[in-house]
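Each chain, written out:
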Amino acid sequence: MNGLYHLGELAGGEVEALAARALALRAGAPARRFEGLALGLLFLNPSLRTQASFQRAAGRLGFDLVQLAGGAQGVWGLETRDGQVMDGAAAEHVREAAGVLGRYVDLLAVRAFAGSRDLAEDLRDPVLQGFRTHAGVPVVNMESALWHPCQALADRVTLEQHAVPAPTRFVLTWAWHPKPLPHAVPNSTLCMAAQRGMECVVLRPPGFALHADALAEAHRLAAASGGSVRESEDRAEALAGATVVYAKSWGSLAHWGDADAEARHRAPLRDWCVGSDWMARAAPGARFLHCLPVRRNVVVSDAVLDGPASVVLDQAENRLHAQTALLERLAVAVTARPAATAAKAAAAMESPA
Amino acid sequence: MNGLYHLGELAGGEVEALAARALALRAGAPARRFEGLALGLLFLNPSLRTQASFQRAAGRLGFDLVQLAGGAQGVWGLETRDGQVMDGAAAEHVREAAGVLGRYVDLLAVRAFAGSRDLAEDLRDPVLQGFRTHAGVPVVNMESALWHPCQALADRVTLEQHAVPAPTRFVLTWAWHPKPLPHAVPNSTLCMAAQRGMECVVLRPPGFALHADALAEAHRLAAASGGSVRESEDRAEALAGATVVYAKSWGSLAHWGDADAEARHRAPLRDWCVGSDWMARAAPGARFLHCLPVRRNVVVSDAVLDGPASVVLDQAENRLHAQTALLERLAVAVTARPAATAAKAAAAMESPA
Amino acid sequence: MNGLYHLGELAGGEVEALAARALALRAGAPARRFEGLALGLLFLNPSLRTQASFQRAAGRLGFDLVQLAGGAQGVWGLETRDGQVMDGAAAEHVREAAGVLGRYVDLLAVRAFAGSRDLAEDLRDPVLQGFRTHAGVPVVNMESALWHPCQALADRVTLEQHAVPAPTRFVLTWAWHPKPLPHAVPNSTLCMAAQRGMECVVLRPPGFALHADALAEAHRLAAASGGSVRESEDRAEALAGATVVYAKSWGSLAHWGDADAEARHRAPLRDWCVGSDWMARAAPGARFLHCLPVRRNVVVSDAVLDGPASVVLDQAENRLHAQTALLERLAVAVTARPAATAAKAAAAMESPA
């Protein structure tokens, strides 16, 4: 295991083992300590849970932290395309940014949302792919244009924690939101549930399909696990008997980069707000999940969010345990090759001329 | 002791004990170490002393740090009112922000100034009260709309350090400033001096009274300690025999949220700048205090600030020692209930279905 | 050694010893540990390498970190001039900012670029000089208006690592860039090469001379080391036989603060981009250096930057090792005077009146 870009890259057993380790950490098992190892965190977008849980995980594991952010007082604007004449806004190429950070830290985690202007560019997932290619150390995806594997792993841990049976119905439902949001979370949690062998239903209005590549990946994982994936526009049908209702808003691919057209398209859809009537259609004891932050009474009603079905705080807490388990595993792999590192350092010293 | 919102919440003996511990730490006593405990710091406003002194205190105590800030690259904008349809600027409710951070850290410190637009809202002190209600862990106020208890505790430590006798005159004087500033510092230091049993005089021009609730709280504390509190508009009278001149600017409650009217009101008041002539009226050996940052030759003259009366750097240094003492005390309380924590963690694990 | 403002302040032997220690650290020698010592980092400008490498160095050395940045959510805007009536944008004077931080930390590092508006002000180097004067603890310059000694030290380490013979030609060449940049890096690396005894040539178009003071300092250092310094506008002549080609853009002093005039002046100079033809004129095995971030195909071509001559990633990595060596040395000096510190603390306690 060399970093983590998309949870579906891991074999089912690996995900299961990480989830089990996260639950053990949650129950109080001590994390291993890796004194002298450094973790770099690069945030190019806002964050509360991700920043806080990665910092805390680093503390538990004894890592040294290197923390960087974008913005006016942060790192330089990044170019990701090769062969450009860089006379525009970007002052640094991801080749150098990644290559340099890889010299300073042993593990590197990066957050870089979709730009939400150019679909083709977002599908390239340019920042994360740039760092993975050029860092020379394992890279963890803290949410990219396409995937949010740490959220998906935390979601998995939450399903295990609450003992949601695998062969039951997982409904990922679209919700209205004032802005068109990226697809990383819905892509990732759908694939997680598919890999767990669940009966996955993507409930969403016309025009809000997930990208064909993400759906294909979910189908691939479901096929391997005995699960299934389908889409639905029929709320009553989809929710019937669901054990999990996972709410999330995302933007329409048909209007990607055209916020006005998107706004017109979604204007009539404000009733896509998960209320108690939605949960009433689900199975008894069904759980409500959301990755947070969540807009109350827009994406989900206060009654559902504050009610007994909601496990959103457990989900958020599990970010910490899931990431501790993941980083622990990556650190074990890194420290298993000290000889290689020493050799590299020695080779970098040239004999005097 | 479960967090700290307002210094006056503590019994007089508790404040005294914290101040004594701070002075011991200042003199070189080692702080206790709490390896494995995590402190979260959330800054929604600018800061130099507060950020630096809390970070340093965390280092002394061996805490793991989780550091978050607001702004474009920081945490999400927060809603604090219940029952809102969150389709505006705020992407997260304080219920979730607090609840999540309380899952990641053992102690949480938050800085959130008055908005200075809506007095009724500022009087609710919405962000700090939201975090205190929903975090589930002790919350330390790093300056809210109404109170700045860590500054007040540092001020108290400074008075003890410089052996200012308790039953002498403490003058809190308003000063001119280009902007209408919040009341957290004047409220807090006035209450601190009242609780210490001092003869407190609030010297300020017409229209710049502190809020009646803060004055009532100061009177309550003075009554218990044998001190007194009164207001004055007469500089010569107020300063006569003062052992402490504490300068601070604050906005007029009569014009709260109306910066233009405020500016007109305060325009003729630029002579409210503490000069050597002010100090000459005070008692021999009187001390000049200010919480910093301070605008030189606007709030106080260079001559006073750089002269022998000024103890502003000691005051700032005492932020570190006061907060170390406070966090040490809170950490002792937190670690005294490990069984409870372990039980909570165990309870959160459900048995598989 | 009490902080580091400009590398040329150090004797040649001191620089040599720091470079040797940096190479030992690079090769895997353990850094000394200084538990309980605190390093403050104050960033008033963007940074990737500097932030990351200082954080990592602090981790290696076991320091507690205090990290501050400028900007809307950071420290207060700073006034640096004495005697000002501070009723403008700056809310804090460097006297207080420095004095306070010096109470919290044992070592303080500050980054504050040239303002690039007023040459006389930039030549005063006001922020760094203010911190050096008022902090009361050793101050490390993480790039000021005039100097970037940590970059220069890393450059020196890189020359030693790659065994570039001292008595050979070091060409510092200007390059085109869309913005007029400060002079700290070219000033510093030129002086470093001069102090190393190299034959230094500053290659630049008419109107882009470095400041006379910086050139005089380079001449002084060259005179002491047996090196030399001269300027050239002739690319072919300057590059012939060079063992180092160090590219960097900088603004014209003749148009300082007038970006439009500067832009017109540099408009015809876009061919000042280091290409393979430039390197072909240099000595066999010549090295290409740049401090990063670098604009590809503007300052240097992809072919050169990705080719075998380029050692820019080693240069960046050496920031870490050079700074670790520097901070280690400063920390040894600080911890050698614990008695003085304890005495100061005791003196600050007055006996009760």
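**Details of the interface of chain A and chain C**
For step 1, the next point in the chain: The interface of chain A with chain C comprises 37 residues on the first partner and 36 residues on the second.
For step 2, the next point in the chain: Of all the secondary-structure elements, those providing two or more residues to the side of chain A that touches chain C are strand 1 (38-43), strand 2 (64-69), strand 4 (92-93), helix 3 (94-104) and helix 14 (338-348) of chain A.
For step 3, the next point in the chain: For the side of chain A that touches chain C, the element with the most residues is helix 3 of chain A, which contributes seven residues.
For step 4, the next point in the chain: Class assignment for the residues of the side of chain A that touches chain C results in 22 nonpolar, nine polar and six charged.

**Concerning the domain arrangement of chain A**
Residues and elements named next belong to chain A.
For step 1, the next point in the chain: Each assigned domain of chain A is listed here: domain 1 (7-147 + 319-338) and domain 2 (163-310).
For step 2, the next point in the chain: Summarising the inter-unit geometry, the C-alpha centres of domain 1 and domain 2 are found 26 Å apart.
For step 3, the next point in the chain: Each side of the interface is counted separately: domain 1 has 17 residues, and domain 2 has 19 residues.
For step 4, the next point in the chain: Class assignment for the residues of the side of domain 1 that touches domain 2 results in nine nonpolar, four polar and four charged.

**Considering the environment of Arg296 of chain B**
For step 1, the next point in the chain: Tracing the backbone through its elements, the reader meets Arg296 of chain B in the loop between strand 11 (287-289) and helix 12 (302-305).
For step 2, the next point in the chain: Between the alpha carbons of Arg296 of chain B and Cys273 of chain B there is a distance of 9.2 Å; along the sequence they are 23 residues apart.
For step 3, the next point in the chain: Those residues in contact with Arg296 of chain B, other than ones at most four positions away along the chain, are Asp302 and Leu305 of chain B together with Gln84, Met86 and His93 of chain C.

**Thoughts on the interface of chain B and chain A**
For step 1, the next point in the chain: Each partner contributes to the interface: chain B provides 37 residues, whereas chain A provides 36 residues.
For step 2, the next point in the chain: Sorting the residues of the side of chain B that touches chain A by element identifies strand 1 (38-43), strand 2 (64-69), strand 4 (92-93), helix 3 (94-104) and helix 14 (338-348) of chain B as the ones contributing at least two each.
For step 3, the next point in the chain: A total of seven residues in the side of chain B that touches chain A trace back to one element, the largest contributor, which is helix 3 of chain B.
For step 4, the next point in the chain: Looking at the side of chain B that touches chain A residue by residue, the classes come out as 22 nonpolar, nine polar and six charged.

**Observations regarding the relation of the copies chain B and chain A**
For step 1, the next point in the chain: Overlay of chain B on chain A (RMSD 0.0 Å): rotation 120°, translation along the axis 0.0 Å. Accordingly, the operation relating the two chain copies is best matched by a three-fold axis.
For step 2, the next point in the chain: A share of only 3% of the interface residues of chain B reappears at the interface of chain A, consistent with the copies meeting through non-equivalent patches.

**Remarks on unusual backbone geometry**
Residue and element names in this part refer to chain B.
For step 1, the next point in the chain: Of the consecutive residues Leu292 and Pro293, the connecting peptide bond is found in the cis state with omega at 0°.
For step 2, the next point in the chain: Structurally, Pro293 is set in the loop between strand 11 and helix 12.
For step 3, the next point in the chain: Even without a glycine there, the phi angle at Asp125 is positive, about 50°.
For step 4, the next point in the chain: Mapped onto the elements, Asp125 comes out in the loop between helix 4 (119-124) and helix 5 (126-134).

Criteria and thresholds
Residues numbered from 1 in each chain as written. Chains lettered and ligands numbered in written order. Predicted model: local features only at pLDDT ≥ 70, side-chain atom pairs only at ≥ 80, totals over all residues. Contact = placed C-beta atoms within 7 Å. Helix = DSSP H or I, 4+ residues; strand = E, 2+ residues; numbered from the N terminus. Nonpolar A, V, L, I, M, F, W, Y, C, P; charged D, E, K, R; others polar. Domains from an automatic or database assignment. Least-squares fit on C-alpha atoms with pLDDT ≥ 70 in both.

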